[in-house]
Amino acid sequence: RIQAVIFDLDGVLVHTDRYHYEAWQQLADEEGISFDVSINDRLRGVSRMESLDIILEKSLRSYTKSEKEALADRKNGYYRELLHQLTPSDAADSAVSCIDSCRRHGVKIAIGSSSRNTPIILERIGLAHAFDAIADGNQIARSKPDPEVFLLAAQQLGVDPAHCLVVEDAEAGLAAAERAGMSKAAIGAAYESPLADFRLRSLAELAGILFE
Ligand code: B16
Ligand code: MG
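Summarised in this report is the structure supplied together with it. (Residues numbered from 1 in each chain as written. Chains lettered and ligands numbered in written order. Predicted model: local features only at pLDDT ≥ 70, side-chain atom pairs only at ≥ 80, totals over all residues.)

Side note on the overall build of the chain
Along the backbone of the chain there are 9 helices and 6 strands. Compactness check: the chain gives a C-alpha radius of gyration of 17 Å against a globular reference of 17 Å for 212 residues, within 12% of the reference. Judged by the C-alpha coordinates and their principal axes, the chain covers about 55 × 35 × 30 Å. Looking at the chain as a whole, 44% of its 212 residues are labelled buried. The long-range share in the chain, meaning contacts at least 24 apart out of those at least 6 apart in sequence, stands at 60%. (Helix = DSSP H or I, 4+ residues; strand = E, 2+ residues; numbered from the N terminus. Rg over C-alpha atoms; globule rule 2.2 N^0.38 Å. Buried ≥ 20, exposed ≤ 12 C-beta atoms within 10 Å, placed from the backbone. Contact = placed C-beta atoms within 7 Å.)

Structure, rendered in structure tokens:
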């Protein structure tokens, strides 16, 4: 039986994935590097520096470590600027009702995100105090597809990984959940993934998996 749900953040509870895309696009344009939606999909769930390495695969020149750090900081600056627009109405459709129904049924809830911006995003969408545990990019050494962030969330919750369900929009995130030994629900960009145990068109469909 599922005792806890671990939600990915970007692309699941809030559509900051659009802002990541916009910020990387701006950086790529400034650097004259080609970038598109299919490259962007490979960045889902992947850390900031690893995302930059994927983008730089298309670069005609090479960058030193300190140049790369400057590029990553620049992108994060553009991204943080976009985050200012976020308000509680930007939480994904059904996110709040889905969280409430987990609570009512005694199912624990956590965040498992690669993002170092998790605290500010949760604050802006009004969900900073909604979760029993928050595991994010500030607390881990290896990002998805490594299982570290999800195992940390389960540990904080005190729930066996086998009783956790992860909700993800990223292939890398589903792979991480698989390696953590957790059940996997795919939504959004990961909807068609072969790694999914369940497919959700919206968070509203989660209740059907958990409480029936
Ligand atoms: P930051 P998630 C991930 O969040 C994003 O999907 C990924 O695109 C981003 O590069 C990563 O966070 C790091 O984010 O630059 O804010 O630290 O989907 O795991 O919630
Ligand atoms: Mg995501």
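From this point on, the discussion continues.
Let's talk about the site of ligand 1
Of all residues adjacent to ligand 1, which total 20 residues, the nearest are Leu9, Ser113, Ser114, Ser115 and Arg116. Classifying every residue of the shell around ligand 1 by side-chain character gives 4 nonpolar, 11 polar and 5 charged. (Near = placed C-beta within 6 Å. Nonpolar A, V, L, I, M, F, W, Y, C, P; charged D, E, K, R; others polar.)

A short note on the sheet that holds strand E3 (residues 133-135)
In space, the 6 strands of this open sheet follow the order E3-E2-E1-E4-E5-E6, with parallel pairing throughout. For this open sheet the edge positions go to E3 and strand E6 (198-200), each flanked by a neighbour on one side alone. Each neighbouring strand pair of the sheet contributes to a mean axis angle of 25 degrees, computed without reference to strand direction. Sheet analysis places strand E2 (residues 108-112) next to E3, joined by 3 bridges and oriented parallel. If you follow Gly112 over to E3, its bridge partner there is Ala135. (Pairing = 2+ DSSP bridges. Axes fitted to C-alpha atoms, helices over the stretch in contact; angles between N-to-C directions.)

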